[in-house]
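Examining the three-dimensional arrangement
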Amino acid sequence: MSGFTKISTTLDVESLSDAINSYFEMIVNNITTYGGDILKFAGDAIFAEWRVDLSQKNTIDLEACVATAAICGANIVKTCSNFPIFAKKNQSSVMSRRGSSGGSANCSLNNSFAKGESEQSVLYETMTKPAKERRFQRRGSLSRIQSVTSMVAGTLNVKCGLGVGEMVGMHAGDNIFRREYLILGNPIDQVSNAECAAKLGEVFASPEALECLSKVCEIEGDWKSAVIERKPFCIAALDEHFFQYEQYGIGFDNDDLRGIDESGNVLRWCDDLDFTELEMLKKMISLYVHPVVVNDENEGSMQTKKRSSDHERHLAEAELRNVYVMFIMPLIEPNLTGDQKKDQHLFHLLNNVMNVTTRELGKMQGHLRQFIVDDKGVVLIGTFGLRGSTFPNMIAQRALPVTLSIHEALKDELGVESKVGGTFGRVYCGVVGGSKRHEYAALGPSVNLAARLMASKTNPGVLVDKNVRMLTSQIFFKPLPPVNAKGYDDPVPIFVPVQGNEPRWGNAKNNFVGRSNEIKQIMHIAKKIISERGASKFVFISATSGTGKSSMLVQATERVRAMMKMIKKRVIVTRNISNEGDTRVPFSLFRVIFKDLLLRAKLDDDNPLTGRRTSRGSMSLVDSSDEFSIDDHWDQLSIKSHSTNESTMSTEVTRFRYICKEMNASPEFIDIVGKKLLGLRDKSVDSVTANASSLNLKAIVDFMAGGFILITKKT
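Residues numbered from 1 in each chain as written. Predicted model: local features only at pLDDT ≥ 70, side-chain atom pairs only at ≥ 80, totals over all residues. Heavy atoms only, no water.

**Section: the overall build of the protein chain**
What counts is decided by this rule: To qualify as a helix, a DSSP run of H or I must reach at least 4 residues; to qualify as a strand, a run of E must reach at least 2; elements of each kind are numbered from the N terminus. With a 1.4 Å probe rolled over the protein chains alone, any residue whose accessible area is under 20% of its type maximum counts as buried; one over 50% counts as exposed, and the rest are partly exposed.
Counting its secondary structure elements, the protein chain contains 24 helices and 21 strands. Buried positions account for 48% of the 715 residues belonging to the protein chain.

This is the structure we're talking about:
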């Protein structure tokens, strides 16, 4: 579908929601009326299928399915092309073909289709008077349909692609965060190629679809050459269709091709379930639904329940928000080979991609918008800024770090390269679709731009727009030539984020000014800890946001390190920082400290990673902590930033395996504790999560505590 970008920048949110969903309603009802099923809403596109059900004796064959889909596509471009969106002059409301009364017109549309009337008559009933005149003069100028009180805010259009073949559906995800239903198969490529070849108002069929269609229909034009050349071919355009179907008994008004509403069957299936089973069913289904919708349903405010219709509720929940959108394209060929072993490997890989992405998003409370296979390939869409996912400093502290972590995690854990596009802008957020089939979506120019940046040939891995760049100061950016994008008047500047060392902490500086009293207090506490064996201390530092707590702690940490070196004490000073989003990650604060100790431990014949350096230069050493005076030696302390992430992956994994062996831990700990909790990335080891049911929380906590003690002894 085309035209959403323009109206999204000119209409208010209620008018925009009304216009989008009235248009989707027409298309969805066309599909369901002809027995099709909506598989996916993909932004401003819809994937629909007509399936041959081999389990049914009286099912229609594949050729009839293709003919039905072709007839439906011809109806869609006939009734939904050049669809005008009217905006009242000097007002922010919309008048579409449904008239100025959105609620009543919507009911009329639903009721008309429920009665089984033809699309043409329904469309006529829901038009405004100027739109009726345009309906019978489709090819005329749009200026004829403007009335005295309204003006055209935009025009919506549609084109269709038709493909045929075997497809596979798979359920990706887990039972904790999210699940998605993926569709795979060659027809997706066929549909994409056919849709790309079509112009607005046209239906193109793939060569494979043409071959099927030719068995039950007479196709006009040189379609055989298209089949030989393996090119899509036009079978319908606006009011014209180029395949003859009536002589074979297949027509637009043939009741045999009409769909049957099976929504009542779903309720009957639930009749025998008790309350507990219904709650479990609700929980499992909710994993397939966007978190915003799930939260809204769970809250269930009385105001929402009192609304008389879903249409009114959808209008009330629609909004324009500033949202960060990331499009993630793992570089995977999602092609089915027919080889069971290879296809199973593909399914497992896609499932792992889904789980890694949702895990990283979950750490910072981001949302997975969608996981889909389309004309771009394998694509995941993540967001920050929707209801329940809006935070201060969201771009710098959450959205961009998660974007980079997903890109790295896919590569390090799964060996999958990826391309990511990230943008920040104002988008429409709300329900998109018809009254019976719809989903929560985000639409707008910045969403389109994110998809374009992802697929750009100049994308080295991650690309972001100027808005993201302006809201992030802790990461360096490399500028690239601006790009032209739909919905933007001027070329859009784009950037490659270049991750710096420890961007969340910063670096210690020798010329740091101020906070010396606070730093010395922390040093006195550290000195007391090493002087009094067994002493444990907690230090809580509180101050107004932005007054330099992190900077002071960086300096204090390095001062403590330098002090320990000066008094010749082998003491590991390690650190980590957590934010609100890390509360959902087990051992979020402790695991980095655990890994740091793991790297510094002396295991078997290893040389210790720290503690054998001799001091050089003018810094004098003291023989004990009693002789060390913080005030007297303050200026002699050499300050140098240390990273808590100095090791390589192989070092971490090797040492962790050694600890597991020393503690007689089961192999499952390498996967559950090593990979899931500590984030150790060992590509040589297959996941054994399925065999890890014996690892309860107590076993994991006991292992972490025992491992910490063992590592400390060897450090």
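**Focus: the confidence of the model for the protein chain**
Reading fine detail from the predicted coordinates is not recommended where pLDDT is low. We apply this condition: Per residue, pLDDT measures the predictor's confidence, with a range of 0 to 100. Residue contacts are counted whenever heavy atoms from the two residues lie within 4.5 Å of one another.
Taken residue by residue, the protein chain gives an average pLDDT of 76. The fraction at 70 or more is 72%. Taken element by element, the protein chain is modelled with least confidence in helix H5 (residues 119-125), mean pLDDT 27, and with most confidence in strand E19 (residues 462-465), mean pLDDT 95. Segment residues 90-149: pLDDT under 50, and 109 contacts once partners within four positions in sequence are set aside and those in other chains are kept. Contacts of residues 605-620 to residues separated by more than four positions or lying in other chains number 22 contacts, the stretch itself having pLDDT below 50.

**Brief notes about the packing of aromatic side chains**
Rules: Pairing of aromatic rings covers Phe, Tyr and Trp, the last through its six-membered ring, and needs centres within 6.5 Å; plane angles under 30 degrees mean stacked, over 60 mean edge-to-face, and all others mean tilted. Only lysine NZ and arginine CZ atoms are considered, and such an atom sits over a ring when it is within 6 Å of the ring centre and within 35 degrees of the ring normal.
On inspection of all chains with the given rule, the structure shows four aromatic pairs. An angle of 50 degrees between the planes, with centres 5.1 Å apart, marks the rings of Tyr-23 and Phe-83 as tilted. Here Tyr-23 is found in helix H2 (residues 13-33), whereas its partner Phe-83 is found in strand E3 (residues 83-88), with 60 residues between them in sequence. Both residues of the pair, Tyr-23 and Phe-83, belong to the buried class. Consider the rings of Phe-24 and Phe-41, whose centres lie 5.9 Å apart with planes at 65 degrees: the pair is edge-to-face. In this pair, Phe-24 sits in helix H2 while Phe-41 sits in strand E1 (residues 37-42), placing the two residues 17 residues apart along the sequence. We classify Phe-24 as buried; its relative accessible area is 0%. Its end group placed over the ring of Phe-391, Arg-398 keeps NZ or CZ at 3.7 Å from the ring centre.

**Details of the nonpolar core**
This is how it is decided: Remark: nonpolar core denotes a set of buried residues (Ala, Val, Leu, Ile, Met, Phe, Trp, Tyr, Cys) joined through side-chain atoms within 4.5 Å.
Formed by 63 residues in total, the largest nonpolar core has its most connected members in Tyr-324, Met-326, Phe-327, Leu-350 and Phe-384. If one sorts the elements of this core by residue count, helix H16 (residues 394-414) sits on top with nine residues. Apart from the residues within four sequence positions on either side, Met-326 is in contact with Leu-361, Leu-380, Ile-381, Gly-382, Phe-384, Ala-399, Val-402, Thr-403, Ile-406, Val-420, Gly-421 and Gly-422.

**Examining the pairing of strand E11 (residues 233-237)**
Note the following rule: When DSSP locates at least two bridges between a pair of strands, those strands are taken to pair.
Most of E11 sits out of view: five of its five residues are buried. Between E11 and strand E12 (residues 240-241), which pair antiparallel in sequence order, lie two residues; one of them, Leu-238, sits at a positive phi of approximately 50 degrees.

**Some thoughts on a nonpolar patch on the surface**
Our working rule: What makes a patch is a set of residues exposed beyond 30% relative accessible area and free of salt bridges, joined within 9 Å when like-charged and within 5 Å when nonpolar (Val, Leu, Ile, Met, Phe, Trp, Tyr). The accessible surface values rely on the Shrake-Rupley method and a 1.4 Å probe; as for residues, cover is taken only from the protein chains in view. We define a salt bridge as a side-chain nitrogen of Lys or Arg found within 4 Å of a carboxyl oxygen belonging to Asp or Glu.
Nonpolar side chains collect at one region of the surface, where Leu-273, Leu-278, Leu-281 and Ile-285 lie side by side and expose about 290 Å² of accessible area between them. Turning to its location among the elements, Leu-273 is positioned in the loop between helix H10 (263-269) and helix H11 (275-286).

**Details of the sheet that holds strand E9 (residues 202-205)**
For the record, the criterion: Only the stretch in contact is used when fitting a helix axis, every axis being a line fitted to C-alpha atoms; angles between N-to-C directions are given from 0 to 180 degrees.
Ordered by their spatial adjacency, four strands build an open sheet running E6-E9-E11-E12, and the pairing between neighbours is mixed. Each edge of the sheet is formed by a strand with only one pairing partner; in this case those strands are strand E6 (160-162) and E12. Its contacts with the sheet place helix H3 (residues 62-80) against E6, E9, E11 and E12, and it is angled at close to 170 degrees to E6. On top of the sheet, helix H7 (residues 186-197) reaches E6 and E9; it is set at about 140 degrees to E6, its chief contact.

**Some words on the environment of Arg-657**
Relative to the helices and strands, Arg-657 is located in helix H22 (residues 649-662). The spacing of Arg-657 and Phe-669 is twelve residues in sequence and 9.2 Å in space, taken between C-alpha atoms.

**Some thoughts on the pattern of salt bridges**
As enumerated under the stated definition, the model contains 19 salt bridges in all. Here Arg-51 and Glu-49 are joined by a salt bridge, their closest N and O atoms 2.6 Å apart. The class for Glu-49 is buried, based on a relative accessible area of 14%.

**Description of the packing of helix H21 (residues 590-600) against helix H24 (residues 697-713)**
Rule in force here: Crossings are assigned a handedness: left-handed for a near helix turned anticlockwise from the far helix by less than a right angle, right-handed for a clockwise turn.
Where H21 meets H24, the closest approach of the two axes is 9 Å, and the angle between their N-to-C directions is 35 degrees. At the point where H21 passes H24, the crossing takes the left-handed sense. Taking contact as the criterion, the partners of Phe-590, Phe-594, Leu-597 and Leu-598 in H21 are, on H24, Met-704, Gly-707, Phe-708, Ile-711 and Thr-712.

**Some remarks on unusual backbone geometry**
It is generally the case that most residues other than glycine have a negative phi and that most peptide bonds are trans. Of note, the phi angle at Gln-365 is positive, near 65 degrees, even though the residue is not glycine. Along the chain, Gln-365 falls in the loop between helix H15 (340-363) and strand E15 (367-374). Notably, Arg-515 is not glycine yet its phi reads approximately 60 degrees, a positive angle. Mapped onto the secondary structure, Arg-515 falls in the loop between strand E21 (492-498) and helix H19 (516-531). Judged by relative accessible area, which is 41%, Arg-515 ranks as partly exposed.

**Things to note about H11**
Convention followed: What a helix is expected to span follows from its residue count: subtract one and scale by 1.5 Å. Whenever two N or O atoms come within 3.5 Å, that pair is a polar contact, provided that in protein one can donate a hydrogen and the other can accept it, and provided that, for residues adjacent in sequence, both atoms are side-chain atoms.
With twelve residues, H11 should cover 16 Å at 1.5 Å per step; its first-to-last C-alpha distance of 16 Å lies within 8% of that length. The opening residue of H11, the one whose side-chain oxygen lies 3.2 Å from the backbone nitrogen of Thr-276, is Asp-274.

**What about H15?**
Spacing of three or four residues puts side chains on the same side of an α-helix, whose turn is 3.6 residues. Along its 24 residues, H15 runs 35 Å from first to last C-alpha, staying within 8% of the 34 Å computed at 1.5 Å per residue. Looking one or two residues beyond H15, the residue adopting positive phi is Gln-365, at roughly 65 degrees.

**A look at the packing of H19 against helix H20 (residues 549-566)**
The condition is simple: To sort the angles, those under 35 degrees are grouped as roughly parallel, those over 145 as roughly antiparallel, those from 65 to 115 as roughly perpendicular, and the leftovers as oblique. Basically, the charged four are Asp, Glu, Lys and Arg, the nonpolar ten are Ala, Val, Leu, Ile, Met, Phe, Trp, Tyr, Cys and Pro, and anything else, Gly included, counts as polar.
In the contact formed by H19 and H20, the axes pass within 9 Å of each other and the chain directions differ by 40 degrees. The pairing of H19 with H20 is recorded here as oblique in orientation. In terms of crossing hand, the pair formed by H19 and H20 is right-handed. In this structure, H19 uses Glu-518, Ile-519, Ile-522, Met-523, Ala-526, Lys-527 and Ile-530 to contact H20, whose residues at the interface are Met-552, Leu-553, Gln-555, Ala-556, Arg-559, Val-560, Met-563 and Met-564. For the contact of H19 with H20, the residue count by class is eleven nonpolar, one polar and three charged.

**Points about the environment of Ile-541**
When you line up the elements, Ile-541 lands in the loop between H19 and H20. Sequence spacing of Ile-541 and Glu-518 is 23 residues, and the spatial spacing of their C-alpha atoms is 9.4 Å. When neighbours within four sequence positions are excluded, Ile-541 is seen to be in contact with Ile-522, Lys-549, Met-552 and Leu-553.

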